[in-house]
Amino acid sequence: MPEEKSLLTDVLIIGCGIAGASAALKAAKSGLKVVVITKNAKPEESNTYYAQGGIVSLGYDDHPELLKEDIMESGDGINNPAAVELLSTEGKKEVDEILIKELRIPFSRSSPDSLDYAQEAGHSRRRILHVQDTTGKTIEERFIDRLKAEPNVTLLADHRAVDLLTVPHHSKNPVFYYKEPQCIGAYVLDNQTNLVKRIFASYTILATGGCGAVYLYTSNPRGAIGDGYAMAYRGGARIVNMEYIQFHPTSLFHRDADGFLISETVRGEGARLKTRGGRTFMENYNEKKELAPRDEVTRAIYEEMTNSNSAYVLLDLVSYAKFDIKKRFPNIYKTCLKYGIDITKEPIPVVPAAHYSCGGVLVDEWGRSSLNNLYAVGEVSCTGLHGANRLASTSLLEGLVWGTRAGKHIADNFDPIVSYDASEIHKWYYPEKEEEVDPALINQDWISIRSTMWNYAGIIRTQKRLERAKADLDYLHHRIMKFYKEARMDAKVVDLKHGIQVALLITNAALSNPVSHGAHYLKN
Ligand SMILES: Cc1cc2nc3c(=O)[nH]c(=O)nc-3n(C[C@H](O)[C@H](O)[C@H](O)COP(=O)(O)OP(=O)(O)OC[C@H]3O[C@@H](n4cnc5c(N)ncnc54)[C@H](O)[C@@H]3O)c2cc1C
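We now turn to the structure provided with this report. (Residues numbered from 1 in each chain as written. Predicted model: local features only at pLDDT ≥ 70, side-chain atom pairs only at ≥ 80, totals over all residues. Heavy atoms only, no water.)

Broken down by element type, the protein carries 14 helices and 18 strands. If one aligns the C-alpha atoms of the protein with their principal axes, the spans along those axes are about 70 × 50 × 40 Å. By the burial criterion, 62% of the 524 residues in the protein qualify as buried. For the protein, the exposed surface amounts to about 21000 Å²; the carbon and sulfur share of it is 50%. Across the protein, the 63 positively charged side chains and the 67 negatively charged ones have centroids separated by 2 Å. (Helix = DSSP H or I, 4+ residues; strand = E, 2+ residues; numbered from the N terminus. Buried < 20%, exposed > 50% of the residue type's maximum accessible area, 1.4 Å probe, protein only. Areas by Shrake-Rupley, 256 points an atom, 1.4 Å probe, with all protein chains shown as cover. Lys, Arg positive; Asp, Glu negative; His and termini not counted. Charge placed at Lys NZ, Arg CZ, Asp CG, Glu CD.)

Note on placement: Asp96 falls in helix 4 (residues 81-102). Residues Asp96 and Ser57 lie 39 residues apart in sequence; the distance between their C-alpha atoms is 8.9 Å.

Moving on, we get to the site of the ligand. Close to the ligand lie 38 residues; Thr38, Thr48, Gly54, Glu379 and Ser395 are nearest. Between Ile18 and the ligand, the recorded distance is 3.2 Å, taken from a backbone N or O atom to an oxygen atom. One nitrogen or oxygen atom from the main chain of Ala19 is found 3.0 Å from an oxygen atom belonging to the ligand. Only helix 1 (18-29), helix 2 (47-50), strand 8 (159-167), strand 15 (348-357) and helix 11 (395-412) provide two or more residues apiece to the shell around the ligand. (Near = heavy atom within 4 Å. Polar contact = N/O pair within 3.5 Å; in protein donor to acceptor, adjacent residues only side chain to side chain.)

What follows deals with unusual backbone geometry. With an omega of 10°, the peptide bond running from Val167 to Pro168 counts as cis. Here Pro168 is to be found in the loop between strand 8 and strand 9 (182-190). With a phi angle near 60°, Asn241 is a residue other than glycine that sits in the positive phi range. With respect to the helices and strands, Asn241 occurs in the loop between strand 11 (239-240) and strand 12 (245-252). Judged by its relative accessible area of 23%, Asn241 is partly exposed. Even without being glycine, Asn309 reaches a positive phi, approximately 50°.

Okay, helix 3 (residues 64-74) next. Regarding helix 3, the residues found buried are Leu67, Lys68, Asp70, Ile71 and Ser74. For helix 3, the angular spread of the buried residues around the axis is 165°, confining them to a single face. Considering only its buried residues, helix 3 is in contact with strand 3 (55-56) and helix 4. Of the residues one or two after helix 3, Asp76 is the one with positive phi, at around 60°. (Arc of directions from axis to C-beta. Contact = heavy atoms within 4.5 Å.)

The next point concerns the sheet that holds strand 11. Taken in spatial order, the three strands of this open sheet run 11-16-18, and their pairing is mixed. Each having just a single partner strand, strand 11 and strand 18 (381-382) make up the two edges of the open sheet. In terms of strand pairing, strand 11 meets strand 16 (residues 360-362) through two bridges, oriented antiparallel. Of the residues in strand 16, the one forming a bridge with Ile239 is Val361. (Pairing = 2+ DSSP bridges.)

Moving on: the pairing of strand 8. Of all nine residues that make up strand 8, nine are buried, and the element is covered over most of its length. Sheet topology note: the strand 8/strand 9 ladder contains eight bridges and is antiparallel. Among the inter-strand pairings, Leu164 is bridged to a residue of strand 9, identified as Ala186.

As a further point, take the nonpolar core. Buried together is how nonpolar side chains tend to be arranged in soluble globular proteins. Formed by 78 residues in total, the largest nonpolar core has its most connected members in Ile37, Leu206, Tyr215, Ile449 and Ile506. The greatest single-element share of this core, amounting to eleven residues, is contributed by helix 14 (residues 491-511). Residues in contact with Ile449, not counting those within four places in the same chain, are Val214, Leu473, Leu476, Ile480, Leu496, Gly499, Ile500 and Ala503. Counting 56 residues, the second largest nonpolar core, distinct from the first, contains Ala118, Phe143, Leu397 and Leu400. (Core = buried A, V, L, I, M, F, W, Y, C linked by side-chain atoms within 4.5 Å.)

Here the focus is the environment of Leu473. Tracing the sequence through the fold places Leu473 in helix 13 (residues 463-486). What makes Leu473 buried here is its relative accessible area of 0%. C-alpha separation for the pair Leu473 and Leu504, spaced 31 residues apart in sequence, amounts to 6.5 Å. Beyond its immediate stretch of four places on either side in the chain, Leu473 contacts Ile449, Thr452, Met453, Ile500, Ala503, Leu504 and Thr507.

Looking at where Ser46 falls in the secondary structure, it is placed in the loop between strand 2 (34-37) and helix 2. A relative accessible area of 12% places Ser46 in the buried class. Polar side-chain contacts of Ser46 include one of 2.9 Å to the backbone oxygen of Glu44.

A word on the packing of aromatic side chains. According to the stated counting rule, one finds eleven aromatic pairs in the structure shown. An angle of 75° between the planes, with centres 5.3 Å apart, marks the rings of Tyr49 and Tyr50 as edge-to-face. Given a relative accessible area of 38%, Tyr50 falls into the partly exposed group. Ring geometry for Tyr60 and Tyr117: centres 4.9 Å apart, planes at 90°, overall edge-to-face. Residue Tyr60 is found in the loop between strand 3 and helix 3, and its partner Tyr117 is found in the loop between strand 5 (114-115) and strand 6 (128-129); the two are separated by 57 residues along the sequence. (Phe/Tyr/Trp six-rings, centres within 6.5 Å; stacked < 30°, edge-to-face > 60°.)

The subject of this paragraph is the side chain of Glu398. Tracing the sequence through the fold places Glu398 in helix 11. Buried and unpaired, Glu398 has Arg390 as its nearest opposite-charge partner, separated by 7.8 Å. Of note is the side chain of Glu398, whose polar atom sits 2.6 Å from the side chain of Thr383. In this view, Glu398 contacts Leu87, Tyr356, Gly378, Thr383, Leu385, His386 and Gly403; residues no more than four positions away in its chain are not counted. (Salt bridge = Lys/Arg side-chain N within 4 Å of Asp/Glu carboxyl O.)

In short, the description is geometric, and any link to function would need to be established separately.
Right under this line is the structure:
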């Protein structure tokens, strides 16, 4: 099997959501050659694109100390104080400089002279900047346009990282075993040719986003299967806090809606949760009612659904809105209407959905992982900012801040890799007799992974459920690895290998943490 020509670059960035794009922009503007890859044919496709609510900044009567307190409270006290301090003090500056001045994001305004700061659950102040309810789409499109115009950036769409290239692991030279392990790029599948090339890089940044799509119900696009966690784990980087999977309380309940999110700001703007019989219930769970931290709202909904044997609850905006719903939530209005629900006239049926991973590849304040020359930024990383539970709208800002910092750190400390020779690094291995991939097998494996995760490692966990999940997933892992070794290389096979690894990472982390905190909730 021929190998596609390998590439050599200063920085390889895997993923171009807000985190990867911020890192790319910073590194490229500092003069480094940057290759950015994304597994999607459309470079905009990412979790970032679907973010609706907005990005945290500091409101008019606000202060970094207040933001810090809110993040810590939401994180259930196990946040990394240094990361919380950094985001609270530096975040607004990056929003102003990169998003407002450089990318000219047209954030919504309450008057021609004033930005409109929205309220969201868990925030003690109105501090969320938004572009109506399509904030992520606007940010992502502008970033991609900017990267396309940047001469130091090569953007390769439809290129999927299969594994990190590490020495000594991928080296033919036994002498490398005496050196510290190091990341030197990645094996990358060209989705069009199904050939794997080696991209060598002095520095590699993982910016692959989260893993909501290993669950049956998720707000994430189906591609968000946590590729970066799986690759970093196999490459030997430290991964922490994977048990803290945040479930969004309110995704649209409709057969065809594919987890469409009803943003937290809808509750922030006064909407109330009700049973199908029309009874409000949040007051029975938390004095902040609908504005309680999202893990508590999620469990309350789950409980009400279980008690009433109902597949959904209702989110009533129309009875409480004192504004023009169509203007404030145009995207949510339009999308719900597409599914036959007019939110200006009736409540919205909602269910919880896997939404955000608070854990990930452990990094420091510059995005450096425990593996030399590997950085991780955005949702794939764990800075410790979110602790056990993310405060709404802080993740876009975390991606922006750490992405920019990683780009800067690499540029300030740039040291080209000299310690290897490409001919000493293994090319991708193709089995002699490749087996045709049977899509029925792949589909069934995904159904097994997703329903196991939803039922046994989901919103409410028990020791027994988790043990069962581990046993089932271990067996599936064994089957998939056998199949992977013999199968013809393609995108679906790579995704399945990443997905089963991620499901096991979450389950094993949940099993080894017997204490309920934030998004990790264990029932006896
Ligand atoms: C519906 C929804 C609404 C949200 N609303 C908000 C909000 O209002 N405010 C907020 O702060 N956060 C919100 N979030 C969370 C937030 O959007 C994400 O946490 C954030 O966008 C993650 O950014 P990222 O750059 O880390 O990853 P992403 O934006 O997910 O980007 C990941 C990138 O990695 C690429 N990739 C993945 N695997 C591979 C691979 N193997 N090879 C090559 N490329 C790969 C993808 O193609 C993509 O380019 C929301 C999330 C969702 C799903």
